[in-house]
Amino acid sequence: QIERPEAEVFAGDLSAAALAVARENARRLGAPVRFFCGDLLEACAARSFDLVVSNPPYIPLDQARGLPAEVREYEPGVALFGDLYGKLLGGAARVLRPGGWLIVELPYDARERVQALAGDEWEPGIVAPDLAGFDRVLAWRLR
């Protein structure tokens, strides 16, 4: 919102503790963000957004032991482990206006699997790599 003062920005999380940190960061930066606590987009009104951006949990639980200790022991499990892309696509299709965008972070090896979840209501995804060259961001446009 600092770069685009005309934008209304909402931020949500399932974790009240994560929202407290985000609220403090927004306050410190002078960014007028509205926060909500909820499961993905369930608390949002239909056809109310032009853009949804998400960094959902995407690490399979069976890979927990292989994570570096500073990640495994610092981040809450709900922020790391899960596969919410199907639910996120459905929720975004409900809350986005026609022509709106959904942008998500991907696990380095999941582009094809996640892209296959998009139904006919989505235009084919745009993929952007990370600095190591792995497909890391996927953007869909709602038809």
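Above this text sits the structure in question.
Here's a quick rundown of the structure.

Conventions used here
- Residues numbered from 1 in each chain as written.
- Predicted model: local features only at pLDDT ≥ 70, side-chain atom pairs only at ≥ 80, totals over all residues.
- Heavy atoms only, no water.
- Core = buried A, V, L, I, M, F, W, Y, C linked by side-chain atoms within 4.5 Å.
- Buried < 20%, exposed > 50% of the residue type's maximum accessible area, 1.4 Å probe, protein only.
- Helix = DSSP H or I, 4+ residues; strand = E, 2+ residues; numbered from the N terminus.
- Contact = heavy atoms within 4.5 Å.
- Pairing = 2+ DSSP bridges.
- Axes fitted to C-alpha atoms, helices over the stretch in contact; angles between N-to-C directions.

Focus on the nonpolar core
Soluble globular proteins tend to bury their nonpolar side chains together.
Reasoning step 1: In terms of nonpolar packing, the biggest core is built from 28 residues, with Leu96, Leu102, Val104, Trp122 and Trp140 touching the most fellow members.
Reasoning step 2: At the level of secondary structure, the elements contributing two or more residues to this core comprise strand S3 (49-54), helix H4 (85-95), strand S4 (96-105) and strand S6 (135-141).
Reasoning step 3: No other element matches H4, which puts six residues into this core.
Reasoning step 4: Those residues in contact with Leu102 that lie beyond four places of it in its chain are Val52, Leu88, Leu89, Ala92, Leu96, Trp122, Leu138, Ala139 and Trp140.

Brief notes about the sheet that holds strand S5 (residues 126-129)
Reasoning step 1: Read across the open sheet, the four strands follow the order S3-S4-S6-S5; overall the sheet is mixed. The open sheet has two edge strands, S3 and S5, and neither has a second partner. Averaged over neighbouring strand pairs, the angle between their axes works out to 15° when direction is ignored.
Reasoning step 2: Bridge count between S3 and S4: five bridges; the pairing is parallel. Bridging across to S4, Phe49 finds its partner in Leu96.
Reasoning step 3: Sheet strands touched by H4: S3, S4 and S6. Its angle to S4, the strand with the most contacts, is close to 155°.

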